[in-house]
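# Chain and residue survey
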Amino acid sequence: MGNKMALIISFFFSIFVFLFGGDLIGIEMVYSNLDAVSISVGYMISKKGKIVDSIKEYVAEEAGAILISLNEKSESTKVGDIYKYQISKDYKPFLIKPNPMTIKVTRSVIIGQY
């Protein structure tokens, strides 16, 4: 009787371990995708000097994410300025959290250095 009960309880805990592992893998996949897209976006922003609609469309198409500027000044940038941006995407975990969590990648680029 004790062996059967231990087997049932171990299956119960095994399910939670697999769900937790699935969450970790899912979060890492989303983060890796955002990181890869951020490299391309940094190159594009460095060339164009700011975030334009084509770059936002690229981020939405490649990663299904949102691109926002973190610069405090709204005027145009010049060569040598540091431009900060953030790419974010929502992820619905299996077990870690009941609500969707936002995964963000924040990067900066020097305008004109590509």
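Residues numbered from 1 in each chain as written. Predicted model: local features only at pLDDT ≥ 70, side-chain atom pairs only at ≥ 80, totals over all residues. Heavy atoms only, no water.

## Comments concerning the pattern of salt bridges
The final tally for this structure, using the stated rule, is 1 salt bridge. Note that arginine 107 and aspartate 35 form a salt bridge whose closest N and O atoms lie 2.4 Å from each other. With arginine 107 in strand 3 (residues 101-110) and aspartate 35 in helix 1 (residues 2-48), the pair connects residues that are 72 residues apart, well separated along the chain. When its relative accessible area of 26% is taken as the criterion, arginine 107 is described as partly exposed. Judged by its relative accessible area of 26%, aspartate 35 falls in the partly exposed class. (Salt bridge = Lys/Arg side-chain N within 4 Å of Asp/Glu carboxyl O. Helix = DSSP H or I, 4+ residues; strand = E, 2+ residues; numbered from the N terminus. Buried < 20%, exposed > 50% of the residue type's maximum accessible area, 1.4 Å probe, protein only.)

## What about helix 2 (residues 53-63)?
Because an α-helix packs 3.6 residues into every turn, residues spaced three or four apart end up facing the same way. Residues Ile55, Val59 and Ala63 constitute the buried set of helix 2. Seen from one end, helix 2 has its buried residues packed into an arc of 40°, which puts them on one side. Away from the buried face of helix 2 by more than 90 degrees, exposed residues Asp53, Glu57 and Glu61 are located. Glycine 64 lies just past helix 2 and shows a positive phi near 65°. (Arc of directions from axis to C-beta.)

## Topic: the nonpolar core
Among the nonpolar cores identified, the biggest contains 20 residues, and Leu34, Val41, Ile45, Val59, Leu67, Tyr85 and Ile87 are the most heavily contacted of them. When contributions to this core are tallied by element, the ones reaching two or more residues are helix 1, helix 2, strand 2 (82-91) and strand 3. For this core, the element with the highest residue contribution is helix 1, accounting for 5 residues. Excluding residues that lie within four positions of it along the chain, leucine 67 makes contacts with Val41, Ile51, Ile55, Lys56, Val59, Tyr85, Gln86 and Ile87. (Core = buried A, V, L, I, M, F, W, Y, C linked by side-chain atoms within 4.5 Å. Contact = heavy atoms within 4.5 Å.)

## Notes on the sheet that holds strand 1 (residues 66-69)
The 3 strands lie next to each other as 1-2-3, forming an open sheet whose pairing is antiparallel. Two strands lie at the open edges of the sheet, namely strand 1 and strand 3, each paired on one side alone. Strand-to-strand, the axes of this sheet are offset by a mean angle of 25°, without reference to chain direction. Two elements, strand 2 and strand 3, share 10 bridges in a ladder whose sense is antiparallel. The residue bridging aspartate 90 from the neighbouring strand is threonine 102, located in strand 3. Where helix 2 meets the sheet, its contacts fall on strand 1 and strand 2, and the angle it forms with strand 1 comes to roughly 145°. (Pairing = 2+ DSSP bridges. Axes fitted to C-alpha atoms, helices over the stretch in contact; angles between N-to-C directions.)

## Some remarks on the side chain of aspartate 81
Residue placement: aspartate 81 occurs in the loop between strand 1 and strand 2. Classification of aspartate 81 as buried rests on a relative accessible area of 15%. Within the structure, aspartate 81 has its side chain in polar contact with the backbone nitrogen of lysine 78 (distance 3.0 Å). (Polar contact = N/O pair within 3.5 Å; in protein donor to acceptor, adjacent residues only side chain to side chain.)

## Some words on the pairing of strand 2
For strand 1 and strand 2, the ladder comprises 4 bridges, and the chain directions are antiparallel. What sits directly across from leucine 67, in strand 2, is isoleucine 87.

None of the figures reported here should be taken as evidence of function without further support.
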